[in-house]
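Here is what each chain is made of, one letter per residue.
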Amino acid sequence: MSGFVYPLIVSAIQERISAVSETVISAVWGLLLAAIVFALAYVLAQLFVRLFGRRISQRFDRPSLARMTIRGATASIYLIALFSVLRIYGFRLSQIALTVTVLTAVIGVILAPIVGSFISGIFLLADQPYEIGDMIEIADTGQRGFVEDITLRYTKVFTLDNTFVVVPNGTMRDRDVINYSAEDTRTRQSLEVVVTYEGDLSQARRLIESAARSVDGVLKGGPNIRIGPTRYPASPTCYIAEYGDHGVGLTLRYWVEEPYKLPAVRSEIQTEIWDRLEDADVEIAYPHSHVVFDETSGELPVSMRDGEATGRQ
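Residues numbered from 1 in each chain as written. Predicted model: local features only at pLDDT ≥ 70, side-chain atom pairs only at ≥ 80, totals over all residues. Heavy atoms only, no water.

(A) Local environment of unusual backbone geometry. Even without being a glycine, Asn162 presents a positive backbone phi close to 65°. On the secondary structure map, Asn162 appears in the loop between strand E3 (154-159) and strand E4 (164-168). (Helix = DSSP H or I, 4+ residues; strand = E, 2+ residues; numbered from the N terminus.)

Here it is, written out as C-alpha cells:
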C-alpha cells in the first residue's frame, strides 16, 4: 500500500512545484514585459517632445497651451502603455473600460476639489486672464510676481521676493488678479504731493515733472499712449488735484517701462522731488493747526500754587 501511495505523493508534489514554477515564471515574465512597455513609452514620450515640442510651441501663440498640448500627448503615450500592460495581465477592453468608469466615479466623489481645480484650469486657459511670463498681482494678498507655469490644477507664481507661490486654479478664479503686462509692459502710476499755499505753485509743478523725467525707467516723452479710446501723455505730468485744508494737492502722472521696477522708481522719484523742492521757493505741506484767541474767546486766569500752574475759564 505504501508503495502505491508514495508515487502519488511524489507526483502531486511535482505537479505543485511545476504549477508554482509556471506561476512565478509567468509573473516574472509579466513584470519584465511591463517594464519593457513602460520603458518604451518613456523613450517614445521623450522622442515626441524632442521632435515635435518646438513645432508645437511655434504653432501656439500662448506658451501655456503649448505646454498643455505637449503634456497631454505624453500622458496619452503613458496611458496607452498602461492599457497594454493590463492586456498582458489578461484584462479585456470591456473590463478595463468598466474599471476606469468605476475609478472615475470614485475619484470624482472623493477628489471633488481637485476635479474642480482641473475644471477651473480649463476655464483659465480659455479666458486668458494671464499668460506665462506675465507679471501679476493677487489683489487680496498684495503678492506680485511672474507667472512661471499654468497647469490644469494650479498656477505657479515666482514672486519678486524670490519665492514661489502655488495657487490652486479653483481659488485663483475667485480672486481679483491685476495683470501688469498682458498687452503692454508700460504702467501708468500716480504720486500725490501736497505743497503749501505760500509757495510758487507753477514752479512746484515744473520741478515735480522734471524730477520724474530724471529717473531711469520713467518714460521721458514721445507720442501719446493710447488705451482703448483714450490717449494719455507719455511724459510725466503734474496736475492740481485739490485745494485742501493744509495745502494744494498735486497729482503726478508718469509711465514706468517695466512693472517690476514700480517700487524702486517711485522711491527715486520721491527722493528727487524732495531734493528739488528743498532748494526752491516751495515747501511740502504737512497737517498742522493754528489756535487763535480773540475778544470772543473769553479769559483764562492763571495763577501759581505750590509750583504748579492752575487755570480756570
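Moving on from the model shown.
(B) Focus on the pairing of strand E1 (residues 135-138). Going residue by residue along E1, you find Met135 and Glu137 tucked away on one face and Ile136 and Ile138 tucked away on the opposite face as well. Here four bridges tie E1 to strand E2 (residues 143-150), and the two strands are oriented antiparallel to one another. Counterpart to Met135 in the pairing with E2 is Phe146. The turn joining E1 and E2, which pair antiparallel and follow one another in sequence, is formed by four residues; a positive phi near 75° is taken by Gly142. As defined by bridge partners, E1 adjoins strand E5 (residues 177-179) across three bridges and the pair is classed as antiparallel. (Buried < 20%, exposed > 50% of the residue type's maximum accessible area, 1.4 Å probe, protein only. Pairing = 2+ DSSP bridges.)

(C) Structural view of helix H6 (residues 201-213). Between its first and last C-alpha atoms H6 spans 19 Å; for 13 residues at 1.5 Å apiece the expected length is 18 Å, and the two agree. Turning to H6, its buried residues are Ala204, Leu207, Ile208, Glu209, Ser210, Ala211 and Ala212. If you follow the buried residues of H6, they end up packed against strand E6 (187-195), strand E9 (237-243), strand E10 (248-256) and helix H7 (262-278). (Expected span 1.5 Å × (residues − 1). Contact = heavy atoms within 4.5 Å.)

(D) Structural detail: the pattern of salt bridges. Under the counting rule described, the total for this entry stands at three salt bridges. Across the pair Glu137 and Arg144 runs a salt bridge whose closest N-O atoms are separated by 3.1 Å. Judged by its relative accessible area of 24%, Arg144 falls in the partly exposed class. Between Asp140 and Arg175 there is a salt bridge, and its shortest N-O distance comes to 3.5 Å. Residue Asp140 is located in the loop between E1 and E2, and its partner Arg175 is located in the loop between helix H5 (169-172) and E5; the two are separated by 35 residues in the primary sequence. Its relative accessible area of 54% is what places Asp140 among the exposed residues. (Salt bridge = Lys/Arg side-chain N within 4 Å of Asp/Glu carboxyl O.)

(E) Fine view of the sheet that holds E1. Read from one edge to the other, the open sheet built from five strands follows the order E4-E3-E2-E1-E5, with strand pairing classed as antiparallel. The two strands at the open ends of the sheet, each matched to only one other strand, are E4 and E5. Strand-to-strand twist across the sheet, computed as the mean angle between neighbouring axes with direction ignored, equals 40°. Pairing of E3 with E4 involves five bridges; the strand directions are antiparallel. (Axes fitted to C-alpha atoms, helices over the stretch in contact; angles between N-to-C directions.)

(F) Examining the side chain of Thr159 more closely. With respect to the helices and strands, Thr159 occurs in strand E3. Among the residues examined, Thr159 registers a relative accessible area of 5% and is labelled buried. Excluding residues that lie within four positions of it along the chain, Thr159 makes contacts with Arg144, Gly145 and Val165.

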